[in-house]
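Chain and residue survey
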Number of protein chains: 2
Amino acid sequence: MTYAYLGPEGTFTQAALRRVAPGGQGRPFPTVPAALDAVRRGDCEAAVVPLENSVKGVVPVTMDQLVSAELHITAEVEVPVTFTLMARPGTGLDSVTEVLSHPHALDQCARWLAEQLPEARLRPVDSTAAAAREVAEAASAAGVAAVAAPLAADLYGLASLATGIGLRAGAVTRFVSVAPAWFPPARTWLDRTSLLVNPGDGPGRLVDILTEFCSRDIEVSRLHSWPTGDRLGSYRYFIDIDGHIENPPVREAVSAIAGLGAGARFLGSYPRWGRRPEELVHTGPAGAPVSLPPTRSPHPGA
Amino acid sequence: MTYAYLGPEGTFTQAALRRVAPGGQGRPFPTVPAALDAVRRGDCEAAVVPLENSVKGVVPVTMDQLVSAELHITAEVEVPVTFTLMARPGTGLDSVTEVLSHPHALDQCARWLAEQLPEARLRPVDSTAAAAREVAEAASAAGVAAVAAPLAADLYGLASLATGIGLRAGAVTRFVSVAPAWFPPARTWLDRTSLLVNPGDGPGRLVDILTEFCSRDIEVSRLHSWPTGDRLGSYRYFIDIDGHIENPPVREAVSAIAGLGAGARFLGSYPRWGRRPEELVHTGPAGAPVSLPPTRSPHPGA
């Protein structure tokens, strides 16, 4: 199975792909929309893209794509954002005069770099992996280092000078695998369901929607507003709940929401990250088609 | 009264300042944090900054500042985002070969520019106003145009070649005036109250919080998640409700939320945009101090 991912090789997204699909073939794309377009065209069976970070929150470009695309989330994976300073083997920390990375990574590592390399020039580039590649391939790489994912050091033959240099030691990014499939992965004992809800007239109605989950003891684990673009203050909501769409209470709640007249779109049911595949208890035949409840949005923009 | 604003002169923020405080002195700053720092230092009495756009949603840098700063929202104003193509007087649309603007503005006007000026080179600069200024001040400005706010044409002596060229004709940005004051503006008949709530253990508790408003017929007009940064899936929420903090039901709801153990911080009560000052009915003595309910967050990070 071929997975599109946000490249180039050596990004945190590639690290996520290796976790979510250890045997999967990866194909790098320069942007999230390009990776998802490859899935829509059928060039790749699925794509792995970043959805949310513990420091920065949701990833806007992925949210926009999930709103507009007829794609489903089929898996999630969390990857620690461990920033590593790397250079060509033989380069000492003392000799580093220039540091390359993505602007967000330079920002996250600004304090460490200011303390340890106060004289070094910081140069923003397109991605952490591009920084590592440039250090590896530059004709003259004396004194040049990159801040990137540990994976990038292996891929580009660089040596680690320091690791865990980000401001937030425990920073984590959540990635999702996205595919055109209509049938969610089989139910386990620990699943998550993602929905896109348009409450219509203001978020006041959102309370009625959330109550449909609470009254059935369904935990709401995430709730994000996203502009509809129609007018100021008009938002739809990404809602993650615990449980699989095949669980009767989840199914009932989603039907009840559609009954409220709110646009509700099913984005996927998938195992919650943290369970290894061998721990998952499949309660239905693997890959068996699931007849989805009638929750396709009556509002085209939901 | 001196207002810090996101400059340079001629930005949409300056247009907002002219609407919210027609007699106020403006002082431009290069970034939102710099403008708010000027207020914290006491160099300016208030600042006008963008909070939310009908197409892009909330403005991250302003949200971050409101989380960390001990500042209150004292007014709001909405400004239509009308993009105008402008050049030195005498320049015809046919002769435009280069268009300067902020990347977001170029993005919003991409379709119009592709149709009308397919050969023109698009060059991103720091702000729409900086684009107008560069066109006005360049030694050789033949064939150069800027996409900026209509206000910028007046300020920099440029002529409008086309207006309303953005993709979303009705796009609107909401700006807020922010000040260190502890006393919100006096109550009118149409106010809004902004709160920052940390529901603690997951957004499930958010339903209990929202119910405190619904059960008192208080309309929730906005709800935005914002990462606490502590761990993946940990969010606080910006909540806008209708009504002034002095209204007994609002006051009771906010007290009840504090009683739920949720961190709730008062961000301000202010007249809802759309009322002209002379229409506002002040129901308390203007500027009279208001004793705030005990809603300062028990959670430092709320």
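Since this is a predicted model, take the numbers as computed values, not measurements.

This paragraph deals with the overall build of chain A. Per the secondary structure count, chain A includes nine helices and 15 strands. When burial is assessed residue by residue, chain A has 55% of its 302 residues classed as buried. Partitioning the intrachain contacts of chain A with sequence separation of at least 6 by distance along the chain shows that 77% fall at a separation of at least 24. Surface exposure of chain A reaches about 12,600 Å², of which carbon and sulfur atoms provide 52%.

Glancing now at the interface of chain B and chain A. Counting from both sides, the interface comprises 34 residues of chain B and, opposite them, 34 residues of chain A. The interface formed by chain B and chain A contains zero salt bridges. Where chain B meets chain A, there are ten residue pairs in polar contact (both at pLDDT 80 or more). The element contributing the most residues to the side of chain B that touches chain A is strand β13 (residues 220-227) of chain B, with seven residues. Here the side of chain B that touches chain A is built from residues that sort into 14 nonpolar, eleven polar and nine charged.

On to the sheet that holds strand β7 (residues 98-101) of chain A. All names here are of chain A. Strand order in the open sheet formed by five strands is β8-β7-β9-β6-β10, and the pairing between neighbours is mixed. Two strands bound the open sheet, and with one partner strand each, they are β8 (121-124) and β10 (159-163). On average, each strand axis in the sheet is tilted by 30 degrees relative to the strand beside it, whichever way the strands run. Where β7 and strand β9 (residues 144-148) come together, three bridges link them in parallel fashion. Note that in β9 the partner of Val99 across the bridge is Ala145.

Superposition of chain B onto chain A requires a rotation of 180 degrees combined with a translation of 0.0 Å along the rotation axis, giving an RMSD of 0.0 Å. On the angle and the small slide along the axis, the relation comes out as a two-fold axis. When the interface residues of chain B are mapped onto chain A, 100% of them again lie at the interface, so the same face is used by both copies.

Residues and elements named next belong to chain A. Going through the model one piece at a time under the given rule, you end up with two aromatic pairs over all chains. Note on Phe12 and Phe83: the rings are 5.7 Å apart at their centroids and 90 degrees apart in plane angle, and the pair reads as edge-to-face. Separated by 71 residues along the polypeptide, Phe12 in helix α1 (residues 12-20) and Phe83 in the loop between β5 (72-80) and β6 (84-87) bring together distant segments of the chain. Residue class for Phe12 comes out buried when judged on its relative accessible area of 13%. Taking relative accessible area as the criterion, Phe83 reaches 8% and is therefore assigned buried.

All names here are of chain B. Two elements in contact, helix α2 (residues 32-41) and helix α3 (residues 60-68), have axes separated by 9 Å at closest approach and are oriented at 30 degrees. In terms of their interaxial angle, α2 and α3 are classed as roughly parallel. Between α2 and α3 the crossing geometry is right-handed. Together, Val32, Pro33, Leu36 and Arg40 of α2 and Val61, Thr62 and Gln65 of α3 make up the contact between the two elements. Among the residues forming the contact of α2 with α3, the class breakdown is four nonpolar, two polar and one charged.

What follows deals with the pattern of salt bridges. One pass over the full model with this rule turns up 26 salt bridges over all chains. Residue Arg216 of chain A pairs with Glu212 of chain A through a salt bridge whose shortest N-O separation is 2.8 Å. Overall, the relative accessible area of 18% leaves Glu212 of chain A in the buried class. A salt bridge links Glu52 of chain B to Arg222 of chain B; the nearest nitrogen and oxygen atoms lie 2.7 Å apart. Taken as a pair, Glu52 of chain B in strand β3 (residues 46-53) and Arg222 of chain B in strand β13 lie far apart in primary sequence, 170 residues in all. Accessibility assignment for this pair places Glu52 of chain B and Arg222 of chain B in one class, buried. Overlapping salt bridges, with partners in common, bring together Glu52, Glu76, Arg174, Arg192, Arg222 and Asp240 of chain A in one network.

This part takes up the UniProt feature "site: Essential for prephenate dehydratase activity" (unreviewed entry) in chain A. Residues and elements named next belong to chain A. As annotated in UniProt, the feature "site: Essential for prephenate dehydratase activity" (unreviewed entry) corresponds to Thr173 in the numbering used here. As for its position among the elements, Thr173 is in strand β11 (residues 172-179). In this structure, Thr173 is in contact with Pro50, Glu52, Asn53, Val77, Glu78, Val79 and Val81, ignoring residues within four places of it in sequence. Among the polar contacts listed, one links the side chain of Thr173 to the side chain of Asn53, at a separation of 2.7 Å.

What follows covers the side chain of Thr84 of chain A. Residues and elements named next belong to chain A. With respect to the helices, strands and loops of the structure, Thr84 is situated in strand β6. Engagement of the side chain of Thr84 in a polar contact is seen with the side chain of Thr163, the distance being 2.6 Å. Setting aside its immediate chain neighbours within four residues, Thr84 contacts Ala146, Val147, Ala148, Pro150, Ser160, Ala162 and Thr163.

Residue and element names in this part refer to chain B. Burial along strand β7 (residues 98-101) is two-sided: the face carrying Glu98 and Leu100 and the face carrying Val99 and Ser101 are both buried. Relative to strand β8 (residues 121-124), β7 is paired through four bridges, and the arrangement is parallel. Paired with Glu98 across the bridge in β8 is Arg121.

Turning our attention to the sheet that holds strand β12 (residues 191-198) of chain B. Residue and element names in this part refer to chain B. Sheet architecture is open: four strands sit in the order β13-β14-β12-β15, paired in antiparallel fashion. The sheet is open, and its two edges are formed by β13 and β15 (263-271), each paired on a single side. Averaged over all neighbouring strand pairs, the angle between strand axes comes to 15 degrees, with direction disregarded. Pairing geometry for β13 and strand β14 (residues 235-242), over seven bridges, is antiparallel. Each bridged residue has a counterpart across the sheet, and for Leu223 the counterpart in β14 is Ile239. Contacting β12, β13, β14 and β15, α3 runs over the sheet at an angle of about 85 degrees to β13.

Among the nonpolar cores identified, the biggest contains 95 residues, and Phe213 and Ile239 of chain A together with Phe213 and Ile239 of chain B are the most heavily contacted of them. Here Ile239 of chain A is in contact with Thr193, Ser194, Leu195, Val197, Leu206, Ile209, Leu210, Phe213, Val220, Arg222 and Leu223 of chain A, once residues within four sequence places are set aside.

Parameters and conventions
- Residues numbered from 1 in each chain as written.
- Chains lettered and ligands numbered in written order.
- Predicted model: local features only at pLDDT ≥ 70, side-chain atom pairs only at ≥ 80, totals over all residues.
- Heavy atoms only, no water.
- Helix = DSSP H or I, 4+ residues; strand = E, 2+ residues; numbered from the N terminus.
- Buried < 20%, exposed > 50% of the residue type's maximum accessible area, 1.4 Å probe, protein only.
- Contact = heavy atoms within 4.5 Å.
- Areas by Shrake-Rupley, 256 points an atom, 1.4 Å probe, with all protein chains shown as cover.
- Salt bridge = Lys/Arg side-chain N within 4 Å of Asp/Glu carboxyl O.
- Polar contact = N/O pair within 3.5 Å; in protein donor to acceptor, adjacent residues only side chain to side chain.
- Nonpolar A, V, L, I, M, F, W, Y, C, P; charged D, E, K, R; others polar.
- Pairing = 2+ DSSP bridges.
- Axes fitted to C-alpha atoms, helices over the stretch in contact; angles between N-to-C directions.
- Least-squares fit on C-alpha atoms with pLDDT ≥ 70 in both.
- Phe/Tyr/Trp six-rings, centres within 6.5 Å; stacked < 30°, edge-to-face > 60°.
- Parallel < 35°, antiparallel > 145°, perpendicular 65-115°, else oblique.
- Left-handed = near helix turned anticlockwise from the far one by under 90°.
- UniProt positions renumbered as here; feature names shortened; annotations may be inferred.
- Core = buried A, V, L, I, M, F, W, Y, C linked by side-chain atoms within 4.5 Å.

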